[in-house]
Amino acid sequence: MIREAKREDLTELLELYLYLHEDSIPEMNSHLEETWERIIGDQNHHLIVCEVEGKIVSSCVCVIIPNLTRNMRPYAFVENVVTHADHRGKGYATECLDFAKKIAEQENCYKMMLLTGSKKPETLHFYEHAGYNSSDKTAFIQWIGMDK
């Protein structure tokens, strides 16, 4: 089942993010709780999850960004695409990305963007198969306050 995250999904999401790039689950404290409340309460921040047998196995984030160009049509940014290692190759991340695209279409976005740090051909092929291309734009990243 594909759906948007609910407040009670926080712990499961943090566990899933261990398969993304996190090396530990953050301490449950007021900063984490405030951040979570801001995410859940933001109408432009869509945290999409795929649930299988009551467990969240895949997720992505789709943020709708208001815009003053392109006839004031917003654009969507997709981030944190992740699937639990035991559930990869079953189409769950694709379902999450498809759900994100439906949100972007409903919000009248003129484009969706996604960045990946992966250089693996299979990961790049996955994003191409999902409808993204790497030829239209060039991405530049500047890391702030952290080592890459």
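It should be noted that the structure appears before, not after, this text.
The rules behind these values
- Residues numbered from 1 in each chain as written.
- Predicted model: local features only at pLDDT ≥ 70, side-chain atom pairs only at ≥ 80, totals over all residues.
- Heavy atoms only, no water.
- Helix = DSSP H or I, 4+ residues; strand = E, 2+ residues; numbered from the N terminus.
- Contact = heavy atoms within 4.5 Å.
- 1 Å grid on protein atoms, 1.4 Å probe; cavity = no way out; pocket = protein on both sides within 12 Å on 5 of 7 lines; lining within 4 Å.
- Points joined across faces, edges and corners; volume = space filled by probe spheres on them.
- Nonpolar A, V, L, I, M, F, W, Y, C, P; charged D, E, K, R; others polar.
- Buried < 20%, exposed > 50% of the residue type's maximum accessible area, 1.4 Å probe, protein only.
- Pairing = 2+ DSSP bridges.
- Expected span 1.5 Å × (residues − 1).
- Polar contact = N/O pair within 3.5 Å; in protein donor to acceptor, adjacent residues only side chain to side chain.
- Axes fitted to C-alpha atoms, helices over the stretch in contact; angles between N-to-C directions.

## A short note on the environment of methionine 112
Consideration 1: Along the chain, the position of methionine 112 falls in strand β5 (residues 112-114).
Consideration 2: In this structure, the C-alpha to C-alpha distance between methionine 112 and tyrosine 75, residues 37 residues apart in sequence, is 5.9 Å.
Consideration 3: If near-sequence neighbours (up to four positions away) are discounted, methionine 112 is found in contact with Ala76, Val78, Ala100, Lys101, Ala104 and Tyr132.

## Structural notes on the layout of surface pockets
A probe matching the size of a water molecule, rolled over the atoms, marks out where space remains unfilled.
Consideration 1: Size it by volume and the second largest pocket reaches roughly 560 Å³.
Consideration 2: Lining the second largest pocket are 18 residues; nearest its centre among them are Leu14, Tyr17, Thr35, Ile39 and Asn80.
Consideration 3: Elements supplying a minimum of two residues to the lining of the second largest pocket: α1 (10-16), α2 (30-41) and β2 (45-52).
Consideration 4: If you tally residues by element for the lining of the second largest pocket, the top one is α2, at 6 residues.
Consideration 5: The class makeup of the residues in the lining of the second largest pocket is 11 nonpolar, 5 polar and 2 charged.

## Side note on unusual backbone geometry
Consideration 1: Look at glutamate 53: it is not a glycine, yet its phi comes out positive at around 50 degrees.
Consideration 2: Within the fold, glutamate 53 resides in the loop between β2 and β3 (55-65).
Consideration 3: The exposed category is assigned to glutamate 53, whose relative accessible area is 82%.
Consideration 4: Even without being a glycine, asparagine 108 presents a positive backbone phi close to 65 degrees.
Consideration 5: Secondary-structure assignment places asparagine 108 in the loop between α3 (92-106) and β5.
Consideration 6: Residue asparagine 108 is classed as partly exposed on the basis of its relative accessible area of 43%.

## Here we look at the pairing of β2
Consideration 1: Judged by how many residues are buried, β2 sits mostly within the fold: 7 of 8 residues are covered.
Consideration 2: Sheet topology note: the β2/β3 ladder contains 8 bridges and is antiparallel. Its bridge partner being in β3, isoleucine 48 is matched across the sheet by cysteine 60.

## Some words on α2
Think of an α-helix as 3.6 residues a turn; residues three or four steps apart then line up on the same face.
Consideration 1: Between its first and last C-alpha, α2 extends 16 Å over 12 residues, near the 16 Å set by a 1.5 Å rise per residue.
Consideration 2: Two to three positions downstream of the cap, the backbone nitrogen of histidine 31 sits 3.1 Å from a side-chain oxygen, assigning the N-cap of α2 to asparagine 29.

## Looking at the sheet that holds strand β1 (residues 2-4)
Consideration 1: The strand order across the open sheet formed by 5 strands is β1-β2-β3-β4-β5, and the pairing between neighbours is mixed. Taken across any chain shown, the strands that pair with only one partner, and hence form the sheet edges, are β1 and β5. On average, adjacent strands in this sheet sit at an angle of 30 degrees to one another, irrespective of strand direction.
Consideration 2: Pairing geometry for β3 and strand β4 (residues 75-83), over 7 bridges, is antiparallel. Across the sheet, cysteine 62 pairs through a bridge with valine 78, a residue of β4.

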